[in-house]
Amino acid sequence: MKQSKRLNEKDASAFAALLFGCYEQGKPISDLKHKNNALFYPYHFNIAHKANKNRTLSIIHPYNQWQVVDFYEQYKYSILYLCNQSKYSLRKPHKVAQYFYYRDRLHRKLLGHQSDKVELFFNEYENLKTYFSYKKYSNIYKFYEDYRYQRAEKKFKHLIKFDLQSCFDSIYTHTISWATAGGADKVKVLPGYHGSWLGDAFDNLMQSVNARETNGIVIGPEFSRIFAEIILQYIDQKVEQELLKEKLCQKSNYECYRYVDDYFLFYNDEQDRSLFMESLTKWLKEFKLQISPSKTEEFERPFITKVTIAKQRIEHLFSNIFSTPLWEEVESNLDVEKEDETEDENSDKDREILDKKFNIYLPANKVNAQIKAIIRECGIEYRDIANYLLERMSQHLDAFLNRYEMGFKKYERLMSKENTNKDEVELLAQGVQRKLTSFLVSLIDVVFFVFNSNRQVNTTLKLQKTMNAIVIYAKRHGGFKTNPEVRFQTISKDVIFKKIQDEIALVLATTDSHRYTLHESLYLLILAKELGSAYLFAPEVIQSFIKKSELQYNLFACIILMYYYANHKCYNEQKIALKDEILKKYRLVAEVERKRNSELTILTADMMTCPFVDDVYKLKLLTLMGIADMKVQQMILRFAKKQKYIFTRWTMFNLNKELQAKISQEVYS
C-alpha cells in the first residue's frame, strides 16, 4: 500500500484497520500489528457433497490470511523439510513457487496447464495459485495415468484403496507438535507457551484461524492440507520403519502411495497386507485418525474400476458425436499455421467448399439415454462420472469449434474475393450457421441434463465453462453479407441464449431447501448475466427462487444477488429488500464480535467498493462495524473508490478469465 503512489497512506491504513479488524475507537490506525491469541471466527458454508449430505468449507478472516502469509515466510523451509520425509506421498510441497518468468521459448515450453490444480515444480505459471510448487501430481486422476500405477500393476496382483474417515474434522491441532517433535511422549505442554518452532507455531495458527478450536481444522484452504500432510508424513515414516523391521520394503514387497488422505496399497502376499494395515491403523489411532470402512475397495489384477470402464464408454460416445467430418476434404489438411502461411489470395481452394455438404446432428434425447444406460450398466452413480462428463464435453466442444472455424473461414474469405457470387455464399453460410445452432442447442440440453443429475460446485463451474464458451462464440452475430466475420445470424444467437436462459430458470425453479444445492444454483446467475440485459429474469422468477429455496442471506447470496440486480430498475424492490436483509445480518451479531466475524468483514469490504449501493448505505454498514468516526469513514470510502474492488470484481468482470482461475484452484475434484 505504501508503494502505490495513487493511494493515500492514511486512507489505506483506515481501510486496512477495517479489513483486519484492528480498528479501535480513539486509537491511531497507522500502526497495524499482529495480536497474539487474537480470536477471529471463520465463515463456514455448505456445498453439496453426496446425496442429501453437505460438505462444510471455510473462509478464514482477512486478518488470519495476513497471519498465514507471515507464517509461510517465516517457516517455509521447515515446511518443505517436513513435507519431504515420506516415500508414500504423491502430493507434497516441493519448493516455493517462482513468481517471475521470462516470456521466451523455454517459458512457452514449461508453461503449466490451465487444468493444474496447484503449481507443479517443473512448470512455470503466469498466475500463481499456491505458495509452494508441488510434486508429483496436481490432481489424483493423473496418478492413474502415470507409469508408477502401471508399473505397480505389473509387479503386484492385488490393490486395496482406502481413505481416512473425516480426516480434517478429526485432526487434533496439538498433534502437529507430536509429529514435528518425534511423538506425543516427547512433547511437554507448558501453559501459556507459544513456541517459535514450527510445531507450536502451526498449532497456534490453526487455532487462531478457527476461533481457538483444537478439534478439527478448517476445510478448504491449502494450508490445511499442508498441516495434514506434515502429520501424515510422520505416520508414513513410522509405518515404513516398522515394516522394515519385519523385512518388508517399499517398492519390493509392497508399494504404498498416498494422495492427501487417499491410500493405494499394492501387494502380493496377504500377510504383507495385514502387517501394513495393522501398523497404519495403530499409528493413525495415535493421532486420533482412522480408516473409513465404507470407502475401502479391493481389486485384483487387472486393476480397473467401474468408473474407468464407464469413462472409456463415454469417450467412445463423445468421439462419435464430436469427431464427425464437417467438410471432409477441407479437413484433410488441419495445419492452421501452414495454411495461413501458404494462403494464396488468388487460390481457388476456398471455392471447393461451395460444393461440400455441411452436415452435423446431435440427437439430445438419444445421447441422454445412452449416458443413462452407461451409468446403469456400469453400476455407478452420476456423482462418480458427472465431473468427467462435463469436462470432456467442454474439451471436445473447444476442438469441434476450432474445426468448424477453419471451414467457415473459407466462406469469410470468399466474400472478399472477386468473381464470387456473394448471394450464393451468404445462403450457404446461413445454412451452416443454422445447423450449428441446432447442434449447440442440443449440446446445451445434454450438458444441463448431466448437471441436473449431480449439482455440485465443481459441476457448476464446468457447466459455466462450457456455456461461456458457447456464449462468447454466439456473441459474434449479425448480418453475414455486411460483416463476414460474424458466426451466427442474430436470430440464431437469440435461440441459443434463450435455451440457456430457460435451462437456468428450470434449475432455479427446482432448487428447494432440501436439496442442499443453494450455492450451486446461485452461481448460475453469474452465467445468466453474461447473456446481457435483454435476457434478465423477470423479478417474479428471482422472487420465487428466493422463497422456494428458503434463501439464507449468507455472504455468497448477498454478493451474487447484488451483482445480478446491479442498477437495473426492474429489480429496485428486490434490491431494497436485499439491503434490509444485509443490515439484519449485522444486527444478529453482537457489536463487539462483528469485526472478528469473517463473513461480515468480507461483506463490508466488498460493499465499500460496490457501485450499486449509495454512500449513505455504506456509512450505515461502517457504523454497524463499530466505525462511527466520520473522518475515518470518509477515509475508507475514498480508498474504496480508488481501489475499485477488494474480493468481488463488480464491474469489468471477465467470466472466462475468472472461471479459468477458479477451476485451476479446485481443492476437491
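Conventions used here
- Residues numbered from 1 in each chain as written.
- Predicted model: local features only at pLDDT ≥ 70, side-chain atom pairs only at ≥ 80, totals over all residues.
- Heavy atoms only, no water.
- Helix = DSSP H or I, 4+ residues; strand = E, 2+ residues; numbered from the N terminus.
- Buried < 20%, exposed > 50% of the residue type's maximum accessible area, 1.4 Å probe, protein only.
- Areas by Shrake-Rupley, 256 points an atom, 1.4 Å probe, with all protein chains shown as cover.
- Pairing = 2+ DSSP bridges.
- Axes fitted to C-alpha atoms, helices over the stretch in contact; angles between N-to-C directions.
- Contact = heavy atoms within 4.5 Å.
- Expected span 1.5 Å × (residues − 1).
- Core = buried A, V, L, I, M, F, W, Y, C linked by side-chain atoms within 4.5 Å.
- 1 Å grid on protein atoms, 1.4 Å probe; cavity = no way out; pocket = protein on both sides within 12 Å on 5 of 7 lines; lining within 4 Å.
- Points joined across faces, edges and corners; volume = space filled by probe spheres on them.
- Nonpolar A, V, L, I, M, F, W, Y, C, P; charged D, E, K, R; others polar.
- Polar contact = N/O pair within 3.5 Å; in protein donor to acceptor, adjacent residues only side chain to side chain.
- pLDDT = per-residue confidence, 0-100.
- Salt bridge = Lys/Arg side-chain N within 4 Å of Asp/Glu carboxyl O.
- Phe/Tyr/Trp six-rings, centres within 6.5 Å; stacked < 30°, edge-to-face > 60°.
- Lys NZ or Arg CZ within 6 Å of the ring centre and 35° of its normal.
- Parallel < 35°, antiparallel > 145°, perpendicular 65-115°, else oblique.
- Lys, Arg positive; Asp, Glu negative; His and termini not counted.

Scanning the chain from terminus to terminus reveals 26 helices and nine strands. Counting every position in the chain, which comprises 669 residues, the buried fraction comes to 53%. Element-wise, carbon and sulfur atoms account for 50% of the exposed surface of the chain, whose accessible area totals about 32,700 Å².

To continue, consider the sheet that holds strand 9 (residues 297-300). In space, the four strands of this open sheet follow the order 7-8-6-9, with antiparallel pairing throughout. Only two strands of the sheet have a single neighbouring strand rather than two, namely strand 7 (254-259) and strand 9. On average, each strand axis in the sheet is tilted by 15 degrees relative to the strand beside it, whichever way the strands run. Helix 5 (residues 147-155) rests against strand 6 (158-163), strand 7 and strand 8 (262-267) of the sheet, and its axis sits at about 150 degrees to strand 7. Seen against the sheet, helix 10 (residues 270-286) touches strand 6, strand 7, strand 8 and strand 9 and runs at an angle of roughly 155 degrees to strand 8.

What follows concerns helix 9 (residues 222-245). Relative to the 34 Å expected for 24 residues at 1.5 Å per residue, helix 9 spans 35 Å between its end C-alpha atoms, a close match to the ideal helical length. In terms of burial, helix 9 is a largely internal element, 18 of the 24 residues being buried. At the C-terminal side of helix 9, K247 shows a positive phi close to 65 degrees.

With 195 residues, the main nonpolar core has F202, I235, F276, I496, L561, I582 and M608 as its most contacted residues. Top contributing element to this core by residue count: helix 15 (residues 422-453), with 14 residues. Residues within four places of I582 in sequence aside, it is in contact with C558, M562, L603, M607, Y617 and L621. Within the second largest apolar cluster, 13 residues are counted, among which are L90, Y149, V260 and F266.

Let us now look at empty space enclosed by the protein. It is the rolling of a water-molecule-sized probe over the atoms that shows where space remains empty. As enumerated under the stated definition, the model contains two cavities of 30 Å³ or more in all. Size it by volume and the largest cavity reaches roughly 40 Å³. Lining the largest cavity are R91, P93, Y134, E222, R225, I226, E229 and V260. Secondary structure elements with two or more residues in the lining of the largest cavity: strand 3 (91-96) and helix 9. In terms of residue count, helix 9 provides more of the lining of the largest cavity than any other element does, four residues in total. Looking at the lining of the largest cavity residue by residue, the classes come out as four nonpolar, no polar and four charged.

Our next topic: helix 23 (residues 598-609). With 12 residues, helix 23 extends 17 Å from end C-alpha to end C-alpha; this agrees with the ideal 16 Å at 1.5 Å per step. A large share of helix 23 lies buried, amounting to 12 of its 12 residues. Buried residues of helix 23: S598, E599, L600, T601, I602, L603, T604, A605, D606, M607, M608 and T609, and no others. Looking at where helix 23 begins, the residue whose side-chain oxygen comes 3.0 Å from the main-chain nitrogen of E599 is N597.

Now for the pairing of strand 8. Of all six residues that make up strand 8, five are buried, and the element is covered over most of its length. Sheet topology note: the strand 6/strand 8 ladder contains six bridges and is antiparallel. What sits directly across from F162, in strand 8, is Y263. Strand direction decides the pairing type here: strand 7 and strand 8, joined by six bridges, are antiparallel. Paired with C256 across the strands is L265, a residue of strand 8. In textbook terms, the turn of a hairpin is the stretch between consecutive antiparallel strands, and for strand 7 and strand 8 this stretch comprises two residues, one of which, V260, has a positive phi near 55 degrees.

This paragraph deals with the environment of A505. Position of A505 among the secondary structure elements: in helix 17 (residues 490-509). Exposure remark for A505: the relative accessible area of 22% places this residue in the partly exposed category. Distance in space between the C-alpha atoms of A505 and L525 is 9.5 Å, their sequence separation being 20 residues.

On to the confidence of the model for the chain, then. For the chain, the mean per-residue pLDDT works out to 85, and 85% of the residues sit at or above 70. Low pLDDT, under 50, characterises residues 114-127; the predicted model gives this stretch 57 contacts beyond four residues in sequence or across chains.

As a further point, take the pattern of salt bridges. Under the defined criterion, the tally for this structure stands at 31 salt bridges. Between E412 and R487 there is a salt bridge whose closest N-O contact spans 2.7 Å. Taken together, the residues E412 in helix 14 (residues 382-414) and R487 in the loop between helix 16 (457-474) and helix 17 connect sequence positions 75 residues apart. Notably, a salt bridge pairs D445 with K499, separated by 3.2 Å at the nearest N-O pair.

What follows deals with unusual backbone geometry. Omega for the peptide link from R301 to P302 comes to 5 degrees, which places this bond in the cis form. Position of P302 among the secondary structure elements: in the loop between strand 9 and helix 11 (306-322). Of note in the backbone geometry, K288 takes a positive phi value of approximately 65 degrees without being a glycine. Take K288: it is sitting in the loop between helix 10 and strand 9. Even without a glycine there, the phi angle at E550 is positive, about 50 degrees. Structurally, E550 is set in the loop between helix 19 (539-548) and helix 20 (555-565).

A full pass over the atoms with the stated rule returns 40 aromatic pairs. Judged by centre distance (6.2 Å) and plane angle (65 degrees), the rings of Y172 and W178 are edge-to-face. The exposure class assigned to W178 is buried, which follows from its relative accessible area of 15%. Geometrically, the ring pair formed by Y564 and Y571 is tilted, given 5.6 Å between the ring centres and 45 degrees between the ring planes. By relative accessible area, Y571 is classed as buried at 0%. Of the aromatic side chains, those joined through ring pairs into one cluster are F358, Y404, F408, Y411, Y473, F480 and F488. Between K529 and the ring centre of Y563, over which it is positioned, the NZ or CZ distance is 4.1 Å. Taking the ring centre of Y617 as reference, the NZ or CZ of K579 above it sits at 5.0 Å.

Two elements in contact, helix 14 and helix 15, have axes separated by 11 Å at closest approach and are oriented at 175 degrees. Judged by the inter-axis angle, helix 14 sits roughly antiparallel to helix 15. Of the residues belonging to the contact of helix 14 with helix 15, the class tally is 23 nonpolar, two polar and no charged.

Its place among the elements puts K575 in helix 21 (residues 572-587). Among buried charged residues, K575 stands out as having no salt bridge; its nearest opposite-charge side chain is D614, 8.0 Å away. Once residues lying within four places of it in the same chain are set aside, the contact partners of K575 are M562, Y565, A566, N567 and F612.

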